[in-house]
Structure formats: structure tokens, C-alpha cells
Amino acid sequence: NEDIRDFLLQHLDLQRYRSLSDLDETELARLLRDADVQARELLGTLGFFKPTLRWSQDKSVNKSFLGRVLLDVDTGPVASISEVQWQWLGDVASDAAAQAQLKAIEKQWALPVGKPFSQNAWNQAKNQALRQLLAERYPWGRILHSLALVDEPTNQVRLWLTLESGPAVRLGALQITGG
């Protein structure tokens, strides 16, 4: 996948060492170990928690000590959401008038059970929920706690989100004066 290749090329720290010619075998081994860990972390942000990575070197193309490093990636399946747990704190949790707003936020949640997980989608979903909370009654609302727990053996992600509304803000009657 070209998008994954471009993403790894853009973010792997290994790119900074391409032109070095004075690396010894120990430094090179450390760089490749670090690159493997980093590549796995980067792929995890895309929802791929079970990748198979195969590293190799081709020194015939580039005469620097590092040569050309090749990475063959089999991402494996993308993780999916298995559970979403909500916790509501503040006025929204007890105000009967706010229950429709609370239920609408949960219903419009962008990462329901079964949907693929990625860090970007998780961030966007949390921000969307917060914007919906702020839009009506609760301008001081905030995300108090969020957690995405990955179960690598099952390739499932459990999500927890705690939103705190703060007090409700209501505007009084509009009065226009002047002449």
C-alpha cells in the first residue's frame, strides 16, 4: 500500500542516517532495532497491531555504510472496536433536560463497535463528541479521561471516554436597547 509506505518513509527516524558513512556494525544494528520498534509503533497508530516486518540491506545501490535499507511490511488485519464505554460527569449526567443531548452524542459516535481503529479516527471521534457537548448548554465541557486498550491477541480495541460537562449555561431573555 503506497499510503503506508509514504507514511513510514515520512516518519521513520532511520531516514536521518541515510548519508552517514561512518557507522559501525553495532550502531547499525541499534539503528535497525530502533527502526523496527518505531515502525511497529507507527503502524499501530494506523490500527495495525500484528504486522510482520522483514528488514534487509542492499549496499550495491548506495555506497554509504547504511546502504539502502529495505522493509517488507505485511500489516496484517486492522484492529476493530470491540467495546465503547461512556462515563458522564457534571450537570449532563443528572439533568433530565440534557439526556437527549447525551444520547445524541453517543448515537452519533464515530467509532462504534465493529469499526476499524486508528489513532487519527480515535482523536477525531473524541473531538467530535466534545464539540457536540460544547455546542449546547455546556461551554466548559471537557474530556476528563480517554483510553484505547488494545488486545493484540484478538486484534480488538476497547474504548473508554469520560466527558465532564461542568455546569449548564443558560442565556436569559434578549433585551435590545437603543434608538
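Above this text you will find the structure in question.
Residues numbered from 1 in each chain as written. Predicted model: local features only at pLDDT ≥ 70, side-chain atom pairs only at ≥ 80, totals over all residues. Heavy atoms only, no water.

Draft legend 1. Layout of the packing of helix α1 (residues 2-11) against helix α2 (residues 25-45). Running from N to C, α1 and α2 cross one another at 130 degrees; their axes reach a closest spacing of 11 Å. Here α1 is positioned oblique relative to α2, judged by the angle of their axes. Where α1 crosses over α2, the handedness of that crossing is right-handed. Contact with α1, carried on its side by I4, F7, L8 and H11, involves Q38, A39, L42, L43 and T45 of α2 and no other residues of that element. The residue makeup of the contact of α1 with α2, split by class, is six nonpolar, three polar and no charged. (Axes fitted to C-alpha atoms, helices over the stretch in contact; angles between N-to-C directions. Helix = DSSP H or I, 4+ residues; strand = E, 2+ residues; numbered from the N terminus. Parallel < 35°, antiparallel > 145°, perpendicular 65-115°, else oblique. Left-handed = near helix turned anticlockwise from the far one by under 90°. Contact = heavy atoms within 4.5 Å. Nonpolar A, V, L, I, M, F, W, Y, C, P; charged D, E, K, R; others polar.)

Draft legend 2. Focus on the sheet that holds strand β4 (residues 142-151). What the three strands build is an open sheet, ordered β3-β5-β4; its pairing is mixed. Only two strands of the sheet have a single neighbouring strand rather than two, namely β3 (80-89) and β4. Taking each pair of neighbouring strands and ignoring which way they run, the sheet shows an average axis angle of 10 degrees. For β3 and strand β5 (residues 156-164), the ladder comprises nine bridges, and the chain directions are parallel. Each residue of the ladder has a partner; that of W86, found in β5, is L161. (Pairing = 2+ DSSP bridges.)

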